[in-house]
Amino acid sequence: MTDLQCAARVFVARHGEALYESELLSDSGGWLSPLGRRQSRDLGARLATERIAAVWCSSMARAVQTAELAAGVLGVDVVVRDGLREFGVGDHAGGTYDSDPFRDTFAAWLAGDLDTRVPGAESGAEVVGRFSDVLAEIADTHRGEAVLVVSHGGAISLAAPALATNLAPAHGWDRPLANCDVVALEADADGWIARSWAGTAIP
């Protein structure tokens, strides 16, 4: 992790609005809607004054497209990492969202029980672990710089509070992230501190 004199600032954003090939649950698919493309360009414009050095993103298409559009506005390169992907649907693949099959698992995660697992997929600890690994790589690669990270609502709402020393694990439960909302994090010698969540400053 970087030291205080070289702290990295990371702006973690949910991808823009997406459309999907099917209403069935899947770990693949999805591309930006026309609104999502506008949101992505606006995301880049909103962060233009932050001197963003690079955009890192999930390998899922909707995140890559968001990152590329924002990076085009910012004039920087895009780096893709699987560790920033959304949590997997596991055995729920092919089902529907009607009954929100992830609600109980996600509630357990945000209550601090990261050992709970999506059947056939990852535990909360595994999601946080891979997300944390990428953030650590970013912090070491971009010491003293600012970086935009494009990921997914579930992964961010789980991982950011789990990693930030000044957030409760359930911080995101009543504060869902809209498309292209941003969580601002800063690395220090002890880990991560949240500076804002979807535009609201964190004391």
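Read on for a plain summary of the structure. The shown structure was predicted, so the numbers you read here are calculated from the model rather than taken from an experiment.

Definitions and cut-offs
- Residues numbered from 1 in each chain as written.
- Predicted model: local features only at pLDDT ≥ 70, side-chain atom pairs only at ≥ 80, totals over all residues.
- Heavy atoms only, no water.
- Helix = DSSP H or I, 4+ residues; strand = E, 2+ residues; numbered from the N terminus.
- Rg over C-alpha atoms; globule rule 2.2 N^0.38 Å.
- Buried < 20%, exposed > 50% of the residue type's maximum accessible area, 1.4 Å probe, protein only.
- Contact = heavy atoms within 4.5 Å.
- Areas by Shrake-Rupley, 256 points an atom, 1.4 Å probe, with all protein chains shown as cover.
- Axes fitted to C-alpha atoms, helices over the stretch in contact; angles between N-to-C directions.
- Parallel < 35°, antiparallel > 145°, perpendicular 65-115°, else oblique.
- Salt bridge = Lys/Arg side-chain N within 4 Å of Asp/Glu carboxyl O.
- Left-handed = near helix turned anticlockwise from the far one by under 90°.
- Nonpolar A, V, L, I, M, F, W, Y, C, P; charged D, E, K, R; others polar.
- Core = buried A, V, L, I, M, F, W, Y, C linked by side-chain atoms within 4.5 Å.

### Brief notes about the overall build of the chain
Phase 1 of the analysis: Counting its secondary structure elements, the chain contains 5 helices and 9 strands.
Phase 2 of the analysis: Moving toward the C terminus, one meets the helices and strands of the chain in the order β-β-β-α-β-α-β-α-α-β-α-β-β-β.
Phase 3 of the analysis: A compact globule built from 203 residues should have a C-alpha radius of gyration of about 17 Å, and the chain, at 16 Å, falls within 12% of that.
Phase 4 of the analysis: In terms of overall dimensions, the chain has C-alpha extents of about 45 × 35 × 25 Å along its principal axes.
Phase 5 of the analysis: Residues counted as buried form 49% of the 203 residues belonging to the chain.
Phase 6 of the analysis: Contacts in the chain between residues at least 24 apart in sequence constitute 70% of all its contacts with a sequence separation of at least 6.
Phase 7 of the analysis: Approximately 9,300 Å² of the chain is accessible, and the part contributed by carbon and sulfur atoms is 48%.

### Observations regarding the packing of helix α4 (residues 124–141) against helix α5 (residues 153–163)
Phase 1 of the analysis: Where α4 contacts α5, the two axes come as close as 9 Å, and the packing angle between them is 75°. As summarised for this structure, α4 and α5 are arranged roughly perpendicular, according to the angle between their axes. For the pair formed by α4 and α5, the contact residues are Gly124, Val127, Val128, Phe131, Ser132 and Leu135 on the first element and Ala155, Ile156, Leu158, Ala159, Ala162 and Leu163 on the second.

### Digging into the pattern of salt bridges
Phase 1 of the analysis: Going through the model one piece at a time under the given rule, you end up with 6 salt bridges.
Phase 2 of the analysis: With a shortest N-O distance of 2.8 Å, Arg9 and Glu50 are connected by a salt bridge. With Arg9 in strand β1 (residues 9–14) and Glu50 in the loop between α1 (34–46) and β4 (52–57), the pair connects residues that are 41 residues apart, well separated along the chain.
Phase 3 of the analysis: Take Glu50: its relative accessible area is 24%, and that puts it in the partly exposed class.
Phase 4 of the analysis: The salt bridge involving Glu126 is made with Arg117; its shortest N-O contact spans 3.0 Å.

### Comments concerning the packing of α1 against helix α2 (residues 61–74)
Phase 1 of the analysis: For the pair α1 and α2, the least separation of the axes is 7 Å and the interaxial angle reads 40°. Between α1 and α2, the angle falls in the class oblique. As for the relative orientation of α1 and α2, their crossing is right-handed in sense. Together, Arg37, Ser40, Arg41, Leu43, Gly44 and Ala45 of α1 and Thr66, Leu69, Ala70, Val73 and Leu74 of α2 make up the contact between the two elements.
Phase 2 of the analysis: Of the residues assigned to the contact of α1 with α2, the class counts are 6 nonpolar, 3 polar and 2 charged.

### Considerations on the nonpolar core
If you look at soluble globular proteins, the nonpolar side chains tend to sit buried side by side.
Phase 1 of the analysis: Judged by nonpolar contacts, the single largest core of 40 residues is most densely connected at Trp56, Phe131, Leu135, Ile138, Val149, Leu185 and Trp192.
Phase 2 of the analysis: At the level of secondary structure, the elements contributing two or more residues to this core comprise β1, β4, α3 (103–110), α4, β6 (146–151), α5, β7 (182–188) and β8 (191–197).
Phase 3 of the analysis: Of all the elements, α4 adds the most residues to this core, at 7 residues.
Phase 4 of the analysis: With residues near it in sequence (within four places) discarded, Trp56 still touches Val79, Arg81, Leu84, Val134, Glu137, Ile138, Thr141, His142, Val147, Leu148, Val149 and Val150.
Phase 5 of the analysis: Membership of the second largest hydrophobic core comes to 20 residues, among which are Leu47, Cys57, Cys180 and Val182.

### As for unusual backbone geometry
Phase 1 of the analysis: Positive phi values are uncommon outside glycine, yet Arg51 reaches one of about 55°.
Phase 2 of the analysis: Within the secondary structure layout, Arg51 lies in the loop between α1 and β4.
Phase 3 of the analysis: Accessibility expressed as a relative area gives 73% for Arg51, which makes it exposed.

It is worth stressing that arrangement in space is one thing and function is another; only the former is reported here.
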